[in-house]
Amino acid sequence: MEQLVGVIAKALVDHPDDVRVNVVDKEHLIVYELTVHPSDVGKVIGKQGRIAKALRTVVTSAAVKMDKRVTVDIIS
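Let us look at the structure shown here.

1. Quick look at the nonpolar core
With 16 residues, the main nonpolar core has Val-5, Tyr-32, Leu-34, Val-36 and Val-72 as its most contacted residues. Among the secondary structure elements, those contributing two or more residues to this core are helix H1 (2–12), strand E2 (29–35), helix H2 (41–45), helix H3 (50–62) and strand E3 (69–75). For this core, the element with the highest residue contribution is E2, accounting for 3 residues. Beyond its immediate stretch of four places on either side in the chain, Val-36 contacts Val-13, Asp-18, Val-19, Val-41, Val-44, Ile-75 and Ser-76.

2. Overview of the side chain of Asp-40
Of note, Asp-40 is situated in the loop between E2 and H2. Despite its burial, Asp-40 remains without a salt bridge, the nearest opposite charge being carried by Lys-43 at 4.3 Å. In this view, Asp-40 contacts Val-13, Asp-14 and His-15; residues no more than four positions away in its chain are not counted.

3. Here's the deal with the pattern of salt bridges
Within this structure, the stated rule accounts for 2 salt bridges. Between Asp-14 and Lys-43 there is a salt bridge whose closest N-O contact spans 2.1 Å. Here Asp-14 is found in the loop between H1 and strand E1 (20–25), whereas its partner Lys-43 is found in helix H2, with 29 residues between them in sequence. Look at Asp-14 and you get exposed, because its relative accessible area is 52%. In this structure, Lys-68 engages Asp-25 in a salt bridge whose closest nitrogen and oxygen atoms are separated by 2.7 Å. You can see Lys-68 sitting in the loop between H3 and E3 and its partner Asp-25 sitting in strand E1, a full 43 residues away along the chain. Given the relative accessible area of 29%, Lys-68 is considered partly exposed.

4. Let's talk about the environment of Leu-29
Examined against the element boundaries, Leu-29 turns out to sit in strand E2. Expressed as a C-alpha distance, the spacing of Leu-29 and Val-59, which sit 30 residues apart in the sequence, is 13 Å. Apart from the residues within four sequence positions on either side, Leu-29 is in contact with Val-24, Lys-68, Arg-69, Val-70 and Thr-71.

Rules used in this analysis
- Residues numbered from 1 in each chain as written.
- Predicted model: local features only at pLDDT ≥ 70, side-chain atom pairs only at ≥ 80, totals over all residues.
- Heavy atoms only, no water.
- Core = buried A, V, L, I, M, F, W, Y, C linked by side-chain atoms within 4.5 Å.
- Buried < 20%, exposed > 50% of the residue type's maximum accessible area, 1.4 Å probe, protein only.
- Helix = DSSP H or I, 4+ residues; strand = E, 2+ residues; numbered from the N terminus.
- Contact = heavy atoms within 4.5 Å.
- Lys, Arg positive; Asp, Glu negative; His and termini not counted.
- Salt bridge = Lys/Arg side-chain N within 4 Å of Asp/Glu carboxyl O.

In structure tokens, the structure reads:
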């Protein structure tokens, strides 16, 4: 899942080398913290958050088999 978030984010940004994905595993929640170059934050979020919402939807759909909730946080 971590690789999925990274591959999608790297395809969207101008600075793919600055993309980092950190996994925070809590009791009933897995948080993927996506860190990108400050100039690429807008590209990952998209107009009105559409790209960020689509990314979260893909990750949530891929995590259906897990018994945990999954979310993606975007950090610059």
